[in-house]
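Coordinate analysis (summary)
For reference, the chains in residue letters:
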Amino acid sequence: MAGGVVAPILPDIVQELDLDPGLAANLVSTHCLTLALFSPPLGILADRIGRVKVLIASLLFYALFGIAGAFMHSFTPLLVTRALIGAASGGIAAASLGLLGNMYDGEVRSQALGYATSTLTIAGILFPLLGGAVGTGHWRYAFCLYGLAIPLAIGARSILPLEQKTHRTTVPSYKLTQVLGQPFTIWLLVTLSLVSISMYSVVVYAPLYLKATIGAGAILNGVVLASRAIGAAVISALGSKWLAQKLGLAKAIMLGCALMSVTLTTIPLLEQLGWIILTAVFFGVGFGIVLPNVYSALANIAVPSLKSSILAAGTGAGFLGQFLSPIILRPLLNYGGIELVFYGAASVSVIAGLLMLALSRNDKDFVNPNPPPA
């Protein structure tokens, strides 16, 4: 919910603080940069001292930095709190994905990661709605939602058993470098970044587009942002694994990228709310196909002692793309308007799909990559 809470209230923040809309978009994406930077080192830390410890600490800092945003009165300090909440999010992502990666193997792990993606997208339905609803009273109230991380931290401490500290020598750094240096791994990380650039264009620019075209307020923006997650939640839980089995991981990912591209190109052509929501749902379906299958491929690469580290690298790559999204797309906004932004994001998704097309020539290796010796 790091960006989902803020996106629906962004127009109100822009208006009250008198911000440049292009610059203000960084309030929705800055946490992505710090999440990208902190996920890998926190993933390594989780592998070494215990994933549950990192998870609990990160949740507590998440609540602290998130609520702090409600008390900021200018752009710079608000931007700082967004950066800090991203660092805490990096620890949450690294620890929780590492836990899931070690709990399951093979197809069961693919299904578990699909459920994880579905859970994230269900949260993507809930929190834009909550952010828009709570923000109707005043945009500052929406930041209080980050306090929900406190009971989650208490629950994690009560339910999840603390792990024994892993001796440093059992996770030598050369192994992590060896895995991350494989062309196959780099290919997957680049794909995650490109898909995330396309995905976040909707999160950042759809509220601004809808307000300009149909006069959408915070609640309606929340509904549209939430609707994109409906398709992603369903396909991640029920269909992504099936598509990977039928088509292979590479072709399934390519299909998801193609669907994202097609729906992005239709957004500037639509002015009726019903069609906009339907398009957002199918956009979510495309993203829901891509994400769990890429993470499943990354999990196949990693030896058990490096699960958090490798999956955290994937998280970092994805959120780096989210951070870069408004930076890369802002020149298109300035040059050709917000419609050109969506066409540019569609082109990025096409590039990600072409990467998978090139890799799918050797689909067997894609499904069952050979990791380095444990």
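Residues numbered from 1 in each chain as written. Predicted model: local features only at pLDDT ≥ 70, side-chain atom pairs only at ≥ 80, totals over all residues. Heavy atoms only, no water.

What follows concerns the overall build of the protein chain. Of regular secondary structure, the protein chain possesses 16 helices and zero strands. With respect to the principal axes defined by its C-alpha atoms, the protein chain has extents near 55 × 45 × 35 Å. Split into buried and exposed, the 374 residues of the protein chain put 57% on the buried side. A sequence separation of at least 24 residues applies to 85% of the contacts in the protein chain between residues at least 6 apart. With the model as given, the accessible surface of the protein chain reaches about 15,200 Å², and the carbon-plus-sulfur share is 70%. In the protein chain, the 19 positive side-chain charges and the 12 negative ones have mean positions that sit 12 Å from each other. (Helix = DSSP H or I, 4+ residues; strand = E, 2+ residues; numbered from the N terminus. Buried < 20%, exposed > 50% of the residue type's maximum accessible area, 1.4 Å probe, protein only. Contact = heavy atoms within 4.5 Å. Areas by Shrake-Rupley, 256 points an atom, 1.4 Å probe, with all protein chains shown as cover. Lys, Arg positive; Asp, Glu negative; His and termini not counted. Charge placed at Lys NZ, Arg CZ, Asp CG, Glu CD.)

This part takes up the packing of aromatic side chains. Tallied over the full model, the rule gives four aromatic pairs. Look at Phe61 and Phe65: their rings are 5.7 Å apart centre to centre, the planes differ by 15 degrees, and that puts the pair in the stacked class. With a gap of four residues between them, Phe61 and Phe65 both fall in helix α4 (residues 51-68), about one helical turn apart. Between Tyr62 and Tyr146 the ring centres are 5.6 Å apart and the planes differ by 70 degrees, which places this aromatic pair in the edge-to-face class. With Tyr62 in helix α4 and Tyr146 in the loop between α6 (106-137) and α7 (149-159), the pair connects residues that are 84 residues apart, well separated along the chain. A residue is classified by how much of its surface remains accessible, and Tyr146, at 0% relative accessible area, is buried. One aromatic cluster is present, formed by Tyr62, Trp139, Phe143 and Tyr146 through successive ring pairs. (Phe/Tyr/Trp six-rings, centres within 6.5 Å; stacked < 30°, edge-to-face > 60°.)

Take helix α14 (residues 307-336) next. Residues lying three or four places apart along an α-helix face the same way, a consequence of the helix completing one turn every 3.6 residues. For α14, with 30 residues, the first-to-last C-alpha span of 43 Å sits near the 44 Å given by 1.5 Å per residue. Immediately beyond the C-terminal end of α14, within one or two residues, lies Gly337, with a positive phi of roughly 90 degrees. (Expected span 1.5 Å × (residues − 1).)

Taken together, the buried positions of helix α1 (residues 10-17) are occupied by Leu10, Pro11, Ile13, Val14 and Leu17. All buried residues of α1 project into a common sector of 160 degrees when viewed along the axis, lining one side. Two residues or fewer after α1 comes Asp18, characterised by a positive phi angle close to 55 degrees. (Arc of directions from axis to C-beta.)

A few words now on the domain arrangement of the protein chain. One can read the domain layout of the protein chain as domain 1 (1-162) and domain 2 (171-373). One C-alpha centre belongs to domain 1, the other to domain 2; they are set 18 Å apart. Facing 52 residues of domain 1, the contacting portion of domain 2 comprises 47 residues. Counting each side, the surface lost to burial between domain 1 and domain 2 is near 4,000 Å², with a carbon and sulfur contribution of 67%. Inspection of the domain 1/domain 2 interface yields zero salt bridges. (Domains from an automatic or database assignment. Buried area = accessible area lost by both parts, 1.4 Å probe. Salt bridge = Lys/Arg side-chain N within 4 Å of Asp/Glu carboxyl O.)

To continue, consider the nonpolar core. In terms of nonpolar packing, the biggest core is built from 98 residues, with Ile13, Val28, Tyr62, Phe143, Leu264 and Leu298 touching the most fellow members. Here this core takes 16 residues from helix α9 (residues 183-214), the largest share from any one element. Leave out the neighbours within four places in its chain, and Phe143 touches Val6, Ile9, Gly66, Ile67, Gly69, Ala70, Leu78 and Arg82. (Core = buried A, V, L, I, M, F, W, Y, C linked by side-chain atoms within 4.5 Å.)

Our focus in this paragraph is the packing of helix α11 (residues 240-247) against helix α13 (residues 273-301). Put simply, α11 and α13 touch, their axes get as near as 9 Å, and they point 75 degrees apart. Judged by the inter-axis angle, α11 sits roughly perpendicular to α13. Facing α11, whose interface residues are Ser240, Leu243 and Ala244, α13 presents Gly288, Ile289, Pro292 and Asn293. The residue makeup of the contact of α11 with α13, split by class, is four nonpolar, three polar and no charged. (Axes fitted to C-alpha atoms, helices over the stretch in contact; angles between N-to-C directions. Parallel < 35°, antiparallel > 145°, perpendicular 65-115°, else oblique. Nonpolar A, V, L, I, M, F, W, Y, C, P; charged D, E, K, R; others polar.)

Further remarks concern the confidence of the model for the protein chain. Caution applies to low-pLDDT regions: their predicted coordinates should not be interpreted in detail. With 90% of its residues at a pLDDT of 70 or more, the protein chain has an overall mean of 80. Predicted confidence is poor over residues 166-174, with pLDDT under 50, and the contacts of this stretch with residues over four places away or in other chains come to eight contacts. Residue range residues 367-374 is modelled with pLDDT below 50. Its contacts to residues more than four positions away, or to other chains, number 18 contacts. (pLDDT = per-residue confidence, 0-100.)

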